[in-house]
Amino acid sequence: MEKIKIGNKNYLYPNPVIIVGVMVDDKPNYLNVSYCGIANRDPAMISISINKSHYSYCGIKENKAFSINIPSLDMLEVTDYCGTVSGKDIDKSKLFSTCYDNNINVPMIEECPINMECQVIHEIDLGGSNMLIIGKVMETYSSKEYLTNNIPDLKKINPILLSIYEFNYYSIGDKAGKAWDVGK
């Protein structure tokens, strides 16, 4: 098989689509973010990459906190909309039922199956348009309907996936095998 070069691209996908919640000017704001990943398992840490010019980034810089909200596929239209308009121009807090916990006072989306409160522990300037932000997960929330044996159930959550270079959304498929077991 002959391989061809396809350029300096990060084809590590599909990416989960998340909605970041942050307080900006004393008001909840939400932003669709596709650059998100697990930075550490224990203690739990999440990485997000956000353009420095985004309205939400101002709130993250100011408050050193944000939420990760994992929308389900039935929230596709409103999730996409959050990534096409700016909180400078549109009050995106009216799109969702906002909830809070007293941990670090970040807005979370009640309709999302999974919510995580994150405290910023590192900000890394990537030298381009984005800042890489590492947040320690202070608490994770879910409704019981999305859990199986007290663990988030991927099929029940039905998250939105993104193929960044195609600019297409996808949903999950069937389980393919048990991790760290199928290869034994």
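What counts and how
- Residues numbered from 1 in each chain as written.
- Predicted model: local features only at pLDDT ≥ 70, side-chain atom pairs only at ≥ 80, totals over all residues.
- Heavy atoms only, no water.
- 1 Å grid on protein atoms, 1.4 Å probe; cavity = no way out; pocket = protein on both sides within 12 Å on 5 of 7 lines; lining within 4 Å.
- Points joined across faces, edges and corners; volume = space filled by probe spheres on them.
- Helix = DSSP H or I, 4+ residues; strand = E, 2+ residues; numbered from the N terminus.
- Nonpolar A, V, L, I, M, F, W, Y, C, P; charged D, E, K, R; others polar.
- Pairing = 2+ DSSP bridges.
- Core = buried A, V, L, I, M, F, W, Y, C linked by side-chain atoms within 4.5 Å.
- Buried < 20%, exposed > 50% of the residue type's maximum accessible area, 1.4 Å probe, protein only.
- Contact = heavy atoms within 4.5 Å.

Undergrad: How do you make sense of the layout of surface pockets when you look at a structure like this?
TA: The rolling of a water-molecule-sized probe over the atoms marks out the regions of remaining empty space. One number sums up the size of the largest pocket: a volume of about 880 Å³. Around the largest pocket, the lining is made up of 23 residues, and of these Ile-38, Ile-46, Ile-70, Met-116 and Pro-152 lie nearest the centre. Those elements giving two or more residues to the lining of the largest pocket turn out to be strand S4 (36-40), strand S5 (45-51), strand S6 (65-70), strand S9 (114-125), strand S10 (130-142), strand S12 (151-152) and helix H3 (154-157). Here the element with the most residues in the lining of the largest pocket is S4; it accounts for 4 residues. The residue makeup of the lining of the largest pocket, split by class, is 19 nonpolar, 3 polar and 1 charged.

Undergrad: Whenever I open this one, the sheet that holds strand S13 (residues 161-163) confuses me. Can you help?
TA: As a general point, the strands of a sheet are linked pairwise by backbone hydrogen bonds and lie either parallel or antiparallel. Spatially, S1-S13-S14 is the arrangement adopted by the 3 strands of the open sheet, whose pairing is antiparallel. Only two strands of the sheet have a single partner each, and these edge strands are strand S1 (15-16) and strand S14 (168-170). The pairing of S1 with S13 spans 2 bridges and is antiparallel. By the bridge assignment for S13, Asn-15 is matched with Leu-162.

Undergrad: What should I look at first to understand the nonpolar core in this one?
TA: One broad trend across soluble globular proteins is that nonpolar side chains are buried collectively. Of all hydrophobic cores here, the largest spans 25 residues; its most connected members are Ile-48, Ile-60, Phe-66 and Ile-68. Among the elements of the structure, strand S2 (18-24), strand S3 (27-33), S5, helix H1 (55-63), S6, S9 and S10 are those that each provide at least two residues to this core. Residues contacting Ile-60, with those up to four places away along its chain left out, are Val-20, Val-22, Ile-48, Ile-50, Ala-65, Phe-66, Val-120 and Ile-133. One finds Ile-19, Tyr-30, Ile-109 and Cys-112 within the second-largest nonpolar core, a separate group that totals 7 residues.

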